[in-house]
Amino acid sequence: WGTLGHDTVAYIAQNFVTSATKSWAQGILDDNSSSYLASVATWADTYRYTAAGKFSAPYHFIDAEDNPPTSCGVDYTRDCGESGCVVSAIQNYTSRVVDDSLSTTERQMALKWIIHFIGDIHQPLHDEALDVGGNTIDVTFEGTDTNLHHIWDSNIPEKLIGGYSLTLASSWAKTLTAEIKTGDYKSEASGWLDGISLDDPVTTSMSWATEANAYVCSTVLKGGVSAVSGKELDGSYYTAAIPVVELQIARAGYRLAAWLNLIATGKT
Ligand code: DCM
Ligand code: DCM
Ligand code: DCM
Ligand code: ZN
Ligand code: ZN
């Protein structure tokens, strides 16, 4: 996701963490403000473009070698490469954030990565290898030349919400939080936490990756690459994408809160 998606995921999580988790996270991040998770949600995207942070670039996705739209699926052994992937990264940083032998800076980085990667794993094209997760599929959106990956990360959410400021993210998070608590997602939200286990971060996050990857077949590439390549996608394609984007941002925020609650209480 772009800035809007990550900030919104973080704000939703802020709405569902316990007061103990909030104190724990604010302590690690050294930030008692009302945007303590949202303020660091995109740090990982800046860091990966630095020389020091280059190693973390593969941690933002898992390249599922499936065959959309005919067949979708993620396989940890097949798809998480030598240099790691979003699933191995969630596992690694979940253990590092509570490792007392590490420096404050390293534990802070671990938390910032968890906040970011639980967002990214919910973007369908971050769980897809085809055409570099859609990055090499050229499309236009509202007349601008871009690519399929970028419109899912940024253009589609930003057209829906009207920009990408922190204020807009907070407002979108409030809307989706209400959908979870009392609205369209009320009956299903508890099911979003099925199988969640701090004892098994790989199985847990693989279930999130598999669920997101399925949207590559059902929605993102429903008609194959030829149905989107070179096309303007701000019309019916955009309309079909919206409910998936909303659901995936809501799930990511709700699950991030639950994951942080488990870490902070040390429960499995
Ligand atoms: N950004 C975004 N969506 C946009 C434009 C920018 O998510 N439509 C992100 C990319 C950068 C940050 O916001 O991380 C600042 O971008 P800029 O310097 O282009 O304002
Ligand atoms: N690092 C990491 N995961 C590991 C080992 C290290 O993210 N399994 C990060 C934490 C440090 C940075 O890499 O900030 C530099 O690591 P090192 O201390 O190994 O040089
Ligand atoms: N990306 C992805 N899968 C890949 C490569 C990249 O999901 N195999 C994502 C990471 C960024 C975007 O695509 O969100 C652009 O990546 P980059 O800047 O590395 O080209
Ligand atoms: Zn992306
Ligand atoms: Zn990312």
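Please refer to the structure placed before this passage.
Asks: Looking at this structure, how should I read the site of ligand 2?
Replies: Around ligand 2, the neighbouring residues are Phe-55, Asn-92, Tyr-93, Arg-96, Glu-106, Met-109 and Trp-113. Between Asn-92 and ligand 2, the recorded distance is 3.1 Å, taken from a side-chain N or O atom to a nitrogen atom. Protein contact buries 48% of the 440 Å² of open area that ligand 2 shows by itself. Of all the secondary structure elements, the ones that give two or more residues to the shell around ligand 2 are α5 (86–96) and α6 (104–120). Considering only residue class, the shell around ligand 2 consists of four nonpolar, one polar and two charged.

Asks: Would you explain the packing of aromatic side chains in this entry?
Replies: For any pair of aromatic rings, the description consists of the separation of the ring centres together with the inter-plane angle of the planes. Counting across every chain of the model gives 16 aromatic pairs. Both rings, one in Phe-55 and one in Trp-113, keep their centres 6.0 Å apart while their planes meet at 75°; by these two values the pair is edge-to-face. Here the residue Phe-55 occupies a position in the loop between α3 (43–47) and α4 (76–79), and Trp-113 occupies one in helix α6, the gap between them amounting to 58 residues. On the basis of relative accessible area, Trp-113 is assigned to the buried category, the value being 3%. Both rings, one in Tyr-59 and one in Phe-117, keep their centres 6.4 Å apart while their planes meet at 80°; by these two values the pair is edge-to-face. Taken together, the residues span a long stretch of sequence, with Tyr-59 in the loop between α3 and α4 and Phe-117 in helix α6 at a distance of 58 residues. A relative accessible area of 15% places Tyr-59 in the buried class. Assessed through its relative accessible area of 0%, Phe-117 is described here as buried. An aromatic cluster is present here, built from Trp-43, Tyr-47, Phe-55, Tyr-59, Tyr-93, Trp-113 and Phe-117 joined pairwise through their rings.

Reading the values: rules and limits
- Residues numbered from 1 in each chain as written.
- Chains lettered and ligands numbered in written order.
- Predicted model: local features only at pLDDT ≥ 70, side-chain atom pairs only at ≥ 80, totals over all residues.
- Heavy atoms only, no water.
- Near = heavy atom within 4 Å.
- Polar contact = N/O pair within 3.5 Å; in protein donor to acceptor, adjacent residues only side chain to side chain.
- Areas by Shrake-Rupley, 256 points an atom, 1.4 Å probe, with all protein chains shown as cover.
- Helix = DSSP H or I, 4+ residues; strand = E, 2+ residues; numbered from the N terminus.
- Nonpolar A, V, L, I, M, F, W, Y, C, P; charged D, E, K, R; others polar.
- Phe/Tyr/Trp six-rings, centres within 6.5 Å; stacked < 30°, edge-to-face > 60°.
- Buried < 20%, exposed > 50% of the residue type's maximum accessible area, 1.4 Å probe, protein only.

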